[in-house]
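For reference, the chains in residue letters:
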Amino acid sequence: MAESAPRRCCLGWDFSTQQVKVVAVDAEMNVFYEESVHFDRDLPEFGTRGGVHVHKDGLTVTSPVLMWVQALDIILEKMKASGFDFSQVLALSGAGQQHGSIYWQAGAQQALKSLSPDLPLHQQLQACFSINDCPVWMDSSTTAQCRQLEAAVGGAQALSCLTGSRAYERFTGNQIAKIYQQNPKAYSHTERISLVSSFAASLFLGSYSPIDYSDGSGMNLLHIQDKVWSQACLGSCAPHLEEKLGPPVPSCSVVGAISSFYVQRYGFPPGCKVVAFTGDNPASLAGMRLEEGDIAVSLGTSDTLFLWLQEPMPALEGHIFCNPVDPQHYMALLCFKNGSLMREKIRDEFASCSWSEFSKALQSTEMGNGGNLGFYFDVMEITPEIIGRHRFNTEKRKVSAFPGDMEVRALIEGQFMAKRIHAEGLGYRVMSKTKILATGGASHNRDILQVLADVFGAPVYVIDTANSACLGSAYRAFHGLAGGTDVPFSEVVKLAPNPRLAATPSPGASQSVRSTDITEPVLGEKTQFKAEKLAEKSTPAEELRCVRLCVAGQGGGKVCESLKGGNSAGDLAELNSPGLPGPGEGQEFT
Ligand SMILES: Nc1ncnc2c1ncn2[C@@H]1O[C@H](COP(=O)(O)OP(=O)(O)O)[C@@H](O)[C@H]1O
Ligand SMILES: O=C(CO)[C@@H](O)[C@H](O)COP(=O)(O)O
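Residues numbered from 1 in each chain as written. Chains lettered and ligands numbered in written order. Predicted model: local features only at pLDDT ≥ 70, side-chain atom pairs only at ≥ 80, totals over all residues. Heavy atoms only, no water.

**A look at the overall build of the protein**
For the protein, the count of helices and strands is 24 helices and 24 strands. When contacts within the protein are restricted to residue pairs at least 6 apart in sequence, those whose partners lie at least 24 apart make up 72%. Accessible surface, the protein: about 20,700 Å² in total, of which carbon and sulfur atoms supply 50%. (Helix = DSSP H or I, 4+ residues; strand = E, 2+ residues; numbered from the N terminus. Contact = heavy atoms within 4.5 Å. Areas by Shrake-Rupley, 256 points an atom, 1.4 Å probe, with all protein chains shown as cover.)

**Some words on the sheet that holds strand β20 (residues 388-392)**
Pairing in this open sheet of 3 strands is antiparallel, and the strands run β19-β20-β21 from one edge to the other. On the outer flanks of this sheet lie β19 (373-377) and β21 (398-399), each paired with one strand and no other. Where β20 meets β21, 2 bridges bridge the pair, whose relative direction is antiparallel. Bridging across to β21, F392 finds its partner in K398. (Pairing = 2+ DSSP bridges.)

**A closer look at the pattern of salt bridges**
Per the counting criterion, the structure on display carries 19 salt bridges. When the shortest N-O distance is used, the salt bridge between E150 and R147 registers 3.3 Å. With E150 and R147 both in helix α5 (residues 143-153) and 3 residues apart, the pair spans about one turn of that helix. In this structure, R347 engages D348 in a salt bridge whose closest nitrogen and oxygen atoms are separated by 2.9 Å. For R347, a relative accessible area of 13% gives the class buried. Residue D348 is classed as partly exposed on the basis of its relative accessible area of 36%. Among the charged side chains, a network of salt bridges with common partners joins K345, E349, D378 and R389. (Salt bridge = Lys/Arg side-chain N within 4 Å of Asp/Glu carboxyl O. Buried < 20%, exposed > 50% of the residue type's maximum accessible area, 1.4 Å probe, protein only.)

**Concerning the site of ligand 1**
In the vicinity of ligand 1, 15 residues are found, and the nearest of them are S16, K21, T301, E344 and G441. E344 places a polar side-chain atom, nitrogen or oxygen, 2.5 Å from an oxygen atom of ligand 1. When the free accessible area of ligand 1 is taken as 580 Å², the share hidden by the protein chains comes to 81%. The residue makeup of the shell around ligand 1, split by class, is 3 nonpolar, 10 polar and 2 charged. (Near = heavy atom within 4 Å. Polar contact = N/O pair within 3.5 Å; in protein donor to acceptor, adjacent residues only side chain to side chain. Nonpolar A, V, L, I, M, F, W, Y, C, P; charged D, E, K, R; others polar.)

**Observations regarding the pairing of strand β2 (residues 19-26)**
Counting buried positions along β2 gives 7 out of 8 residues, so the element sits mostly inside the fold. Two strands pair when backbone bridges link them, and strand β1 (residues 9-15) and β2 are joined in this way by 7 bridges, in the antiparallel orientation. Each residue of the ladder has a partner; that of L11, found in β2, is A24. Count of turn residues in the β1/β2 antiparallel hairpin: 3 residues. As defined by bridge partners, β2 adjoins strand β3 (residues 31-38) across 7 bridges and the pair is classed as antiparallel. Within β3, the residue paired with V20 across the bridge is V37. Between the end of β2 and the start of β3, which pair antiparallel, lie 4 residues, with M29 showing a positive phi angle near 70 degrees.

**What to know about the UniProt feature "domain: Carbohydrate kinase FGGY N-terminal" (unreviewed entry) in the protein**
Residues annotated in UniProt with the feature "domain: Carbohydrate kinase FGGY N-terminal" (unreviewed entry) correspond here to residues 133-287. With 49% helix and 14% strand, residues 133-287 has end C-alpha atoms that lie 30 Å from one another. (UniProt positions renumbered as here; feature names shortened; annotations may be inferred.)

**What to know about the sheet that holds strand β4 (residues 53-54)**
Sheets are built from strands that pair by backbone hydrogen bonding, the pairs being arranged parallel or antiparallel. Read across the sheet, 3 strands follow the order β4-β5-β8 without closing on themselves; strand pairing throughout is antiparallel. Since the sheet does not close on itself, it has two edges, and those belong to β4 and β8 (133-135), each with one partner. Where strand β5 (residues 61-64) meets β8, 3 bridges bridge the pair, whose relative direction is antiparallel. Bridge pairing in β8 links P64 to D133.

**Some thoughts on the nonpolar core**
In this structure, W13, Y262 and F268 are the most contacted members of the largest nonpolar core, which totals 91 residues. Examining the composition of this core, we find that 10 residues originate from one element, helix α2 (residues 65-81), more than from any other. Listed in part, the 70 residues of the second largest apolar core include A177, C237, F358 and A458. (Core = buried A, V, L, I, M, F, W, Y, C linked by side-chain atoms within 4.5 Å.)

**Considerations on the site of ligand 2**
What surrounds ligand 2 is a group of 14 residues, the closest being T17, H99, R170, D280 and S302. One of the side-chain N or O atoms of H99 is found 2.6 Å from an oxygen atom in ligand 2. Interatomic distance of 2.7 Å between a backbone N/O atom of S302 and an oxygen atom of ligand 2. Isolated, ligand 2 exposes 370 Å² of accessible area, and the fraction of that covered by the protein chains is 95%. Mapped by element, the contributors of at least two residues to the shell around ligand 2 are α14 (280-287) and β18 (330-336). The residue makeup of the shell around ligand 2, split by class, is 3 nonpolar, 9 polar and 2 charged.

Dropping the structure here:
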């Protein structure tokens, strides 16, 4: 709740997959206010599940743009009703789910500039969008556009060297290309294309906000070293794209002052600054004050794993983004689509729809799950591209089910094992000083964090606010206010509370790695090699391929010659690329 004594602060927003959230942070870096609006629960008229619409083809996934606008109206009204003192807000920044795109219709800029304080935003912006249902990060319908883009720039590795990633279906350039090809009329009526982050910033600015370098790196369009749009990529995706995107800016830029709409309707000070919004994962990096050598694991709608990098080393798996708090540096990211919604499904099937029953199942089963392994991908996974549930018993035979509690442990161990193996594929090594920083909704669950500590063999830390994207956005607002690039981010947030230890590896974790061969793929060193070896001994060919895909992904492989050099994450591992399955049918989350 807001306090009555005036408290100068910055606001941090997060427009994530399932909700809009906000925190207020005071000058001593204390969080003193939090609020959220949940799309499914608070805006049922939009008919979303998990904040999205999954279309009949199982691949197309969208969210209604007006739902996001209305969610902002609701959360601002909630803040006002609680007595929140908007007059104390010095600056604000925010984050958005990455990759999603918003299409502003010709004339929308004018509507944004002339907002009346007498009406909520959603009533005034109804006619501002040429696409009402926006593609979001869960979409995997643009394989054809991905292949076109890679071919246009000389292949997947060449695209990765240029933009930090090979072509991914959810990346915005490929989504824009699909809109242009399938709905050219809507494309030509579009005067501006925003990411979810820059769209949200535009709502506060009352004018189009530029895209920041860090979230812009998730589009397959930005030259991540030169920090300009790649003409080759733009040209391959759609005509006149550069003018529809506008020039990208450093992530710590002040993009303007808040619109008079907020001054008059809510009492924000007219000088309140808007600092460029960025992607939710980059914002989380800021919120957790990640340092080189640490690894962050975000357990939100998606699961992501990210680290700070000094030098970009783009490969065929994972992503390199411009760093949101230091324009000279980068971050590496792996994204797993089957995150919280997959855990919710297993919870509902095997733990009576209850997180406490889910925790009991983890407590009642042994580390290593007696040698039973499971990989669960109810929707087409991103890392690696695979679908289905794949369980292997102690004899390494594929089985169709486990007893309930074992199923829960197999899911969580399998999810973290995949994360460790894919991180190692990018060159990351768990070392004695490694800290894992956990965030996102599932980081509330201590039993899940214990498995994370056991699988990585490293301590897990959390911050008090599980929403590190909001927190990072407030910190970034302070950074922008203090002068952005001229001031080290670490200096601005030095008063922020340190992360708290939440779990340490259980005694015997390393013991069980050595003592039983089946736990090695889950807990041990050289995991990929051993998992493959185990599987080769006893698993039929098709299942072996599945294990390989699960544990090894598609391989990081070659480093771009031009980018070779020091890498704080260690040397990039050469993986044997096992090849990928063709795109399969997606499934609806239910
Ligand atoms: N106690 C818990 N144990 C495991 N998962 C949880 C728990 N509480 C919340 N969650 C998960 O957190 C998810 C939301 O995480 P959050 O980081 O807020 O997502 P997003 O930012 O993508 O909207 C929910 O889908 C839910 O499954
Ligand atoms: O696609 C990615 C990252 O590449 C996702 O991580 C989205 O950014 C969605 O974030 P959450 O809503 O799950 O936090």
